[in-house]
2 protein chains.
Amino acid sequence: MMRAYDVLLKKRNGGKLTEAEIKFMVEGFVKGDIPDYQMAAFLMAIFFVHLDDEERFYLTKAMLESGDKVDLSMIDGIKIDKHSTGGVGDKTTLVFAPVIASFGLPIAKMSGRALGHTGGTVDKLESIPGFRTTLDMNEFIANVKKYGIAIVGQTANLAPADKKIYSLRDVTATVDEISLISSSIMSKKLAISSDLLLLDVKFGSGAFMKDYEDAKILAQSMVDIGKNFGRRVVAVLTSMEQPLGRKIGNSLEVIEAIETLKGKGPEDFTELCVHLSAYALSFAGFGDIEKCKELVREKIYSGEALKKFGDLIKAQKGDSRVLEAPEKILPVSGDTVELKSKISGYVEKIDAEKIGLATMILGAGRKTKEDKIDHGVGIELLKKIGDEVKDGEPFVRIYFSEKSDLDSAVKFVEEAYGFSTSKTSAPALIGELIY
Amino acid sequence: MMRAYDVLLKKRNGGKLTEAEIKFMVEGFVKGDIPDYQMAAFLMAIFFVHLDDEERFYLTKAMLESGDKVDLSMIDGIKIDKHSTGGVGDKTTLVFAPVIASFGLPIAKMSGRALGHTGGTVDKLESIPGFRTTLDMNEFIANVKKYGIAIVGQTANLAPADKKIYSLRDVTATVDEISLISSSIMSKKLAISSDLLLLDVKFGSGAFMKDYEDAKILAQSMVDIGKNFGRRVVAVLTSMEQPLGRKIGNSLEVIEAIETLKGKGPEDFTELCVHLSAYALSFAGFGDIEKCKELVREKIYSGEALKKFGDLIKAQKGDSRVLEAPEKILPVSGDTVELKSKISGYVEKIDAEKIGLATMILGAGRKTKEDKIDHGVGIELLKKIGDEVKDGEPFVRIYFSEKSDLDSAVKFVEEAYGFSTSKTSAPALIGELIY
């Protein structure tokens, strides 16, 4: 008979676990047969000795099989899913999804409500009055078929084993290990039967992986897990050295997404959306990357991508006047303060993590599952890295609700910013493509 | 405010913990404020990154201070305590204690009832009809003052934190790590105010540390912890490559101890007792080791050491006729089988661990705290490494109670033994002295 102790000891001693052993640990833990403390020790052992390619595959498989699978086979066409490892100001899905859908490729997107500095994609969409993010599976599929796009909160019970294991990792300092991170992400993403999964793997100060090389290893690990499942997965490394775009918060990010779909978005965020969409299209057979970038830009300039976003809003009962007058329709806090530069010079750094923390303090995100999100608060970066700033000129605008939150939010923003009297330049945004 | 998560993370990242942090973890865990899973992850992190000298001192201190201290200061003279890291056939205390006491040095010995192949020292003593191993603290001290010797079960609440942590280590594969082992042992031993603590650290197939160098590291670690407490601690490395002596079991070991006190014990066990006693005496100022070995032999040949053992038995209400006719007074099973050699040659190896397992199966030890010990069963090694054996000649005698246990005990004994047709020799018994 298999015993958790023996599997744990084997792993601790650097042994390679079999599929049966990994399945035993995951299933036993979910059922409650294997106690928390043995799983905690097991996870810490993995933190130190890691899992190899095959073990990662088995772990992903065991977690995936603990829950539902979402079958999209009744939808015709190439189904493209995108996942970001997360960062500050990342509202890419709000642009990527309508852009891709505007090419006639179906978007059937399920998005989680993660904890973080701001809400997830569905929380941002819920800034739009009336927008429904809860559709049952039939409605979801019907919407994709009819409108070519649907974005909903994750209703299916995807990889509950991962959820339970993640909760334990979170309190036992075993989150930041490549095999565990990649298996965790992939167990949820591979439960949805997409034809292509595009991973946006962040690196830099605001990313989980600060270091480019670590991010690359993580990307490769996820791609390899996908390959072991016979699935098409590609990863793009992109910078989170400073926040993405200029607006961070829920309503604020919807506003910026709409601006971007109108061709008037911030340079870095637009570049990222164009790149990611082009990679997806290229893998879907629309030509090489350069050609696909052109195609994407055309869909934006022609207004077709924006129109598709309008279709999404209408289909999910949101107030579609938001496209014309986002600032009026969306709840944006009227209480603002601006932070002013004390020197003349250039922005040298913006620590994305600290900006994220400030946004969280303002109420834009969730620290615990129970927290309610304030859609109206956030931060607008008037100046980004490389921008010139004059003495006394505002570099940040803070949208707040509670005056009591303001002081510590301001403190973090001030700490995040670094200035220089000599010219600086923005960090490169797009790294390697891993597949 | 200190958080277990932060301390755990710091250790996992290879940081050095402060006294306050270690105390916080130990006390929090004992109080139940820190859950099992965080302690399990913490222990596994320590397994991989270890604790340095200072951290080991703080851990020992925190565990020691979680319980009672045994103050022996009202007893005059140099109080010597001895501790063995454990092995098969190790009945050294039964000889060491009366030998040392016969020099007028007070022996106030508290002994635990560990799990293992045989019982602990007090279980062995309980083979002697009437022998009481439970004395209250006043009686214990009075006996030492009056007879110069007392050996009791551990009644004081020594290092309960260690007990709780050990239980968790036992089920999370975090037992075999030097800092944890040495802190665990020392937290209990240093709680007793001896003037000299002599550690018998075993190496070889039947020891916790199979490897001599590992045993040496463990010995040094324990000695260093003692030094940090300002206590006198010395360690002797001794071999557990084969079982110690020829008799393993509870009554059987008392018989062998009595034989040894009569100067008729097996060579290896006698050598060990003489060495350990001589080291202790030498540290107590009786001269150099060689001179002390002579003194010890004299106490044995003169019968004074045996007489002191008799004093102990009388004082603790045991049947002192055991000294004259141990086989008659002690419960020894009348059911025996002998295993016979199938070749003519020499004994090349006796895996002590397997012999221990066989003894445990026969009922001589405890697998769980609730198990009852059978004092009459055990194994007698008629042939040890280096001994010549003829085809058909018995090499082991097994004393059993339950016929159902016999087959698997025999199997382990047969596996333990290795024979050679060429001459072999016994492994060296005494290694380095660490202080």
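Residues numbered from 1 in each chain as written. Chains lettered and ligands numbered in written order. Predicted model: local features only at pLDDT ≥ 70, side-chain atom pairs only at ≥ 80, totals over all residues. Heavy atoms only, no water.

Along the backbone of chain A there are 17 helices and 13 strands. Over its C-alpha atoms chain A spans a radius of gyration of 22 Å, differing by no more than 12% from the 22 Å that the globule rule assigns to 435 residues. Taken along the three principal axes of its C-alpha coordinates, chain A extends 70 × 50 × 40 Å. A total of 435 residues make up chain A; the buried ones form 58% of that total. Accessible surface, chain A: about 17000 Å² in total, of which carbon and sulfur atoms supply 50%. (Helix = DSSP H or I, 4+ residues; strand = E, 2+ residues; numbered from the N terminus. Rg over C-alpha atoms; globule rule 2.2 N^0.38 Å. Buried < 20%, exposed > 50% of the residue type's maximum accessible area, 1.4 Å probe, protein only. Areas by Shrake-Rupley, 256 points an atom, 1.4 Å probe, with all protein chains shown as cover.)

Attention shifts here to the domain arrangement of chain A. Residues and elements named next belong to chain A. Domain annotation of chain A identifies domain 1 (4-49), domain 2 (80-323) and domain 3 (332-420). Each of domain 1 and domain 2 has a C-alpha centre, and the two are 32 Å apart. With eleven residues of domain 1 at the contact, the number on the domain 2 side is twelve residues. Carbon and sulfur atoms supply 82% of the area buried between domain 1 and domain 2, which totals about 1000 Å² over both sides. Per-residue buried area on domain 1 facing domain 2 is highest for Phe-29, Leu-43 and Phe-47; these three make up 50% of the total on that side. For the pair domain 1 and domain 2, the interface holds zero salt bridges. Viewed at the interface, domain 2 and domain 1 are joined by one residue pair in polar contact (both at pLDDT 80 or more). (Domains from an automatic or database assignment. Contact = heavy atoms within 4.5 Å. Buried area = accessible area lost by both parts, 1.4 Å probe. Salt bridge = Lys/Arg side-chain N within 4 Å of Asp/Glu carboxyl O. Polar contact = N/O pair within 3.5 Å; in protein donor to acceptor, adjacent residues only side chain to side chain.)

Another point: the interface of chain A and chain B. The interface of chain A with chain B comprises 21 residues on the first partner and 21 residues on the second. Together, the buried faces of chain A and chain B total about 1700 Å²; carbon and sulfur atoms form 72% of this surface. The largest share of the area that chain A buries against chain B comes from Arg-12, Tyr-37 and Phe-48 of chain A, three residues that together contribute 38% of it. On the surface where chain A and chain B come into contact, there are two salt bridges. A salt bridge links Asp-176 of chain B to Arg-12 of chain A, with the nearest nitrogen and oxygen atoms 2.6 Å apart. Connecting chain A to chain B are six residue pairs in polar contact (both at pLDDT 80 or more). Contributing elements (two or more residues each) for the side of chain A that touches chain B: helix 1 (4-12), helix 3 (36-49) and helix 8 (160-171) of chain A. The dominant element in the side of chain A that touches chain B, judged by the number of residues it contributes, is helix 3 of chain A, at ten residues.

It is worth spelling out the pattern of salt bridges at this point. Residue and element names in this part refer to chain A. Applying the stated criterion across every chain, the model contains 72 salt bridges over all chains. We note a salt bridge from Lys-23 to Glu-27, for which the minimum N-O separation is 3.2 Å. Residue Lys-23 and its partner Glu-27 are both found in helix 2 (residues 19-31); the two are separated by four residues, about one turn of the helix. Lys-23 gets classed as partly exposed once you look at its relative accessible area, which sits at 33%. Note that Lys-384 is salt-bridged to Asp-268, the shortest N-O span being 2.4 Å. Of this pair, Lys-384 sits in the loop between strand 9 (378-381) and strand 10 (388-389) while Asp-268 is found in helix 12 (residues 267-283), placing the two residues 116 residues apart along the sequence. Grouping residues by exposure puts Lys-384 and Asp-268 together as buried. If you follow the salt bridges from partner to partner, you end up with Lys-16, Asp-52 and Glu-54 in one network.

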